[in-house]
Amino acid sequence: MKDFSNRYIFIFSAVLVIIVATLLSLAATLLQPIQEKNLEIEKKRSMLESIHIAADKKNAETLYDKYIKESFVLNSRGEVVSGVDAFGVVLKNEQKKPVEKQNLPVFTAELDNGQKVFIIPVEGKGLWGPIYGYVSLESDFNTIYGVNFDHKGETPGLGAEINKSFFEGMFPGKKLYEGEKFVSVAVLKGGTDPDNPHGVDAISGGTITSKGLEKMLYDCLSKYDVYFVKSKQP
Amino acid sequence: MDKEPLFSSKNLELITAPLGKKNPITIQVLGICSALAVTVKMKPALVMAISVTIVVAVSNLVIAAMRKYIPERIRIIVQLVVIATLVILVDQFLKAFAFDVSKQLSVFVGLIITNCIIMGRLEAFAMANKPWPSFLDGIGNGAGYGLILVVVSFFRELLGSGSILDYPVLEKLGIYSAGYENNGMMILPPMALIVVGLIIWFQRSRDKSLIEHK
């Protein structure tokens, strides 16, 4: 192999880096609108799934416009914050702020039978990375109407199962409150009675993801406590 | 100089050898880490196999094309830059045009960068060969890697989750009603290693020339 001078090595690496950087930034900029559109559709699809409406890539937007009637942002005292777009709120960034300053989004949906449900986004930590989803509540702000969970990179076959329907299907009908007290829903190891209003079966082998999910539900939903109690309808 | 045909027997050998006698996983024992991670289910294993094949083939091609201009002292860095660029491009394209697949693979796409097979092939082959054979060598090694991934994930999914490509075969066959239960062990990473071990055992018992003599 030829012996290259230091000057050649410097120029070679500089040119290589410039080419690579141009290529990558071109790809990133050109593809960004498509990628963001995908994320937006995905978000709408997840929300619709939490109210048991199956949507795919094509009809997600029309269905979203049809069912999701309004959205607003609350603070931890349960007051509506004006001037913030609920859809644009990034939960991960909110969770870094102190609780009093966090924006808490709520989406209101009206089902075909006229029933009103409220969709709350949740986000927490699993074993390998973030887990997130949507919980929809009936207008008593106590009964879970449906859920949709997803994850960034939980173990396939184990923690990753939280986005499967057998797991999500255990949530509808569960209660967040016991009397006046907020207790949320626990994910229990070793199984639980299906009639238990505050517990669902954990996933075998996915203990840390299950526990993370339980914590996510408690942490995210408890911030709405004041609002739930205030606007509860019998 | 006579021009060698594109698919001469020597070139075809570059593709077929890594499937058996020179398999990157079972013989060269490279890329084991990702073989453990993505083989719980067949679908991620397949997509991973395809992505790795693309990256190893194209990076082999690129490195072989500029092998005469790469200063030896910084060659590893140059190889890494090429690999990383390709992986990020694949990831970006998946995110834009195959969103569901990219969600399934998530972090594993990024981890292709650290797959030892790719750097191994660049060092061992592309640095010393012409672009076309290097490209074929990449395809062959990617396929050899993918073959093992698919075999391992087939057994792990079938015995661990009772399905093939997410289709519940065992349930349809009615085996559960006869008292059969899925083996939870198969889902855990150590079983991937044991299955790979069994494949190596099988391969060596069939082909005695692979056994080292003292």
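Residues numbered from 1 in each chain as written. Chains lettered and ligands numbered in written order. Predicted model: local features only at pLDDT ≥ 70, side-chain atom pairs only at ≥ 80, totals over all residues.

Participant: Lay out the overall build of chain B in plain terms, naming residues and giving numbers.
Facilitator: If you tally the helices and strands in chain B, you get 10 helices and 0 strands. N-terminal to C-terminal, the α/β element order of chain B is α-α-α-α-α-α-α-α-α-α. Looking at chain B residue by residue over its 214 residues, the buried ones come to 39%. Once local pairs closer than 6 in sequence are excluded, the contacts in chain B between residues at least 24 apart make up 77%. (Helix = DSSP H or I, 4+ residues; strand = E, 2+ residues; numbered from the N terminus. Buried ≥ 20, exposed ≤ 12 C-beta atoms within 10 Å, placed from the backbone. Contact = placed C-beta atoms within 7 Å.)

Participant: How would you summarise the overall build of chain A if you had to cite specific residues and measurements?
Facilitator: Counting secondary structure elements, chain A contains 6 helices and 10 strands. Along the first, second and third principal axes, the C-alpha set of chain A runs to 80 × 45 × 40 Å. The burial tally for chain A puts 32% of its 234 residues in the buried class. A fraction of 53% describes how many contacts in chain A between residues 6 or more apart in sequence connect residues 24 or more apart.

Participant: Run through the nonpolar core, naming residues and quoting values.
Facilitator: If you look at the biggest cluster of nonpolar residues, it comprises 94 residues, and the most contacted ones within it are Ile119 and Ile120 of chain A together with Met48, Val55 and Leu149 of chain B. When residues in this core are grouped by element, the largest group, 13 residues, is from helix H3 (residues 42-65) of chain B. Those residues in contact with Val55 of chain B, other than ones at most four positions away along the chain, are Ile83, Leu86, Val87, Val90, Ile112 and Ile118 of chain B. (Core = buried A, V, L, I, M, F, W, Y, C linked by C-beta atoms within 7 Å.)

Participant: So, the interface of chain B and chain A: which residues are in play, and what are the values?
Facilitator: Opposite the 23 residues of chain B that make contact, chain A presents 24 residues. Put simply, the parts of the chain that give the side of chain B that touches chain A at least two residues each are helix H4 (75-97) and helix H8 (131-161) of chain B. For the side of chain B that touches chain A, the class distribution of residues is 13 nonpolar, 6 polar and 4 charged. (Nonpolar A, V, L, I, M, F, W, Y, C, P; charged D, E, K, R; others polar.)

Participant: Explain the pairing of strand E6 (residues 144-151) of chain A to me, and be specific about the residues and the numbers.
Facilitator: Residues and elements named next belong to chain A. Among the 8 residues in E6, 7 count as buried, and that is most of the element. Where strand E5 (residues 130-137) lies against E6, 7 bridges are found, and the strand directions are antiparallel. Pairing of Val135 across the sheet is with Val147, part of E6. Taken together, E5 and the strand that follows it, E6, pair antiparallel across an intervening segment of 6 residues, in which Phe141 is found at a positive phi of about 50°. (Pairing = 2+ DSSP bridges.)

Participant: Summarise the sheet that holds strand E1 (residues 68-74) of chain A; cite the residues concerned and give the values.
Facilitator: Within a sheet, neighbouring strands are paired by backbone hydrogen bonds and run either parallel or antiparallel to one another. Residues and elements named next belong to chain A. Read across the sheet, 6 strands follow the order E2-E1-E3-E4-E5-E6 without closing on themselves; strand pairing throughout is antiparallel. At either margin of the open sheet sits one strand with a lone partner, and together these are strand E2 (80-81) and E6. Relative to strand E4 (residues 116-125), strand E3 (residues 104-110) runs antiparallel, the two sharing 4 bridges. Bridge pairing in E4 links Glu110 to Lys116. Here helix H5 (residues 207-222) sits on the sheet in contact with E4, E5 and E6, set at roughly 125° to E4. (Axes fitted to C-alpha atoms, helices over the stretch in contact; angles between N-to-C directions.)

Participant: Just give me the short version of the packing of helix H1 (residues 9-16) of chain B against H8 of chain B, but keep the residues and values in it.
Facilitator: Residue and element names in this part refer to chain B. Axis separation between H1 and H8 bottoms out at 6 Å; the angle between their running directions is 30°. Between H1 and H8, the angle is such that the two are roughly parallel. Contact with H1, carried on its side by Asn11, Leu14, Ile15 and Thr16, involves Pro133, Leu136, Asp137, Ile139 and Gly140 of H8 and no other residues of that element. Here the residues of the contact of H1 with H8 sort into 5 nonpolar, 3 polar and 1 charged. (Parallel < 35°, antiparallel > 145°, perpendicular 65-115°, else oblique.)

Participant: Any details on H4 of chain B? Residues and values, ideally.
Facilitator: Here H4 of chain B contains 23 residues, and its C-alpha end-to-end distance of 33 Å stays within 8% of the 33 Å for a straight helix at 1.5 Å per residue. Of all the residues in H4 of chain B, the buried ones are Val78, Gln79, Val82, Ile83, Thr85, Leu86, Val87, Val90, Gln92, Leu94 and Lys95 of chain B. (Expected span 1.5 Å × (residues − 1).)

Participant: Tell me about unusual backbone geometry, residues and numbers included.
Facilitator: Residue and element names in this part refer to chain A. For His52, which is not glycine, the phi dihedral falls at a positive 60°. Relative to the helices and strands, His52 is located in the loop between helix H1 (6-50) and helix H2 (60-67). Of note, Phe141 is a non-glycine position whose phi angle comes to about 50°, a positive value. Position of Phe141 among the secondary structure elements: in the loop between E5 and E6.

Participant: Requested: an account of the environment of Glu49 of chain A, with residues and values cited.
Facilitator: All names here are of chain A. Within the fold, Glu49 resides in helix H1. By the C-beta count within 10 Å, which is 23 here, Glu49 ends up buried. In this view, Glu49 contacts Ala54 and Asn148; residues no more than four positions away in its chain are not counted.

Participant: Can you break down the pairing of E3 of chain A residue by residue, with the values?
Facilitator: All names here are of chain A. In this structure, E1 lies alongside E3, joined through 6 bridges in antiparallel fashion. The residue bridging Glu70 from the neighbouring strand is Thr108, located in E3. Here E3 folds back onto E4 in antiparallel fashion, the turn holding 5 residues, of which Gly114 has a positive phi close to 85°.

Participant: Can you tell me about the confidence of the model for chain A, naming the residues and giving the values?
Facilitator: Predicted confidence across chain A gives a mean pLDDT of 87, with 98% of residues reaching 70 or more. Looking over chain A, one finds the lowest element-wise mean pLDDT in helix H3 (residues 91-94) of chain A, namely 85, and the highest in E5 of chain A, namely 92. (pLDDT = per-residue confidence, 0-100.)

Participant: So what about the packing of H3 of chain B against H4 of chain B? Which residues, and what values?
Facilitator: All names here are of chain B. For the pair H3 and H4, the least separation of the axes is 10 Å and the interaxial angle reads 140°. In terms of their interaxial angle, H3 and H4 are classed as oblique. Along this stretch, H3 crosses H4, giving a crossing that reads as right-handed. Along the contact surface, H3 presents Ser51, Ile54, Val55, Val58, Ser59, Val62 and Ile63, while H4 presents Gln79, Val82, Ile83, Leu86, Val87 and Val90. (Left-handed = near helix turned anticlockwise from the far one by under 90°.)

Participant: Summarise the confidence of the model for chain B; cite the residues concerned and give the values.
Facilitator: All names here are of chain B. Scored by pLDDT, chain B comes out at a mean of 84, with 96% of its residues at no less than 70. Element-level pLDDT for chain B is lowest in helix H5 (residues 99-105), with a mean of 75, against a maximum mean of 90 in H8. Predicted complex, confidence summary: ipTM 0.71, pTM 0.75.

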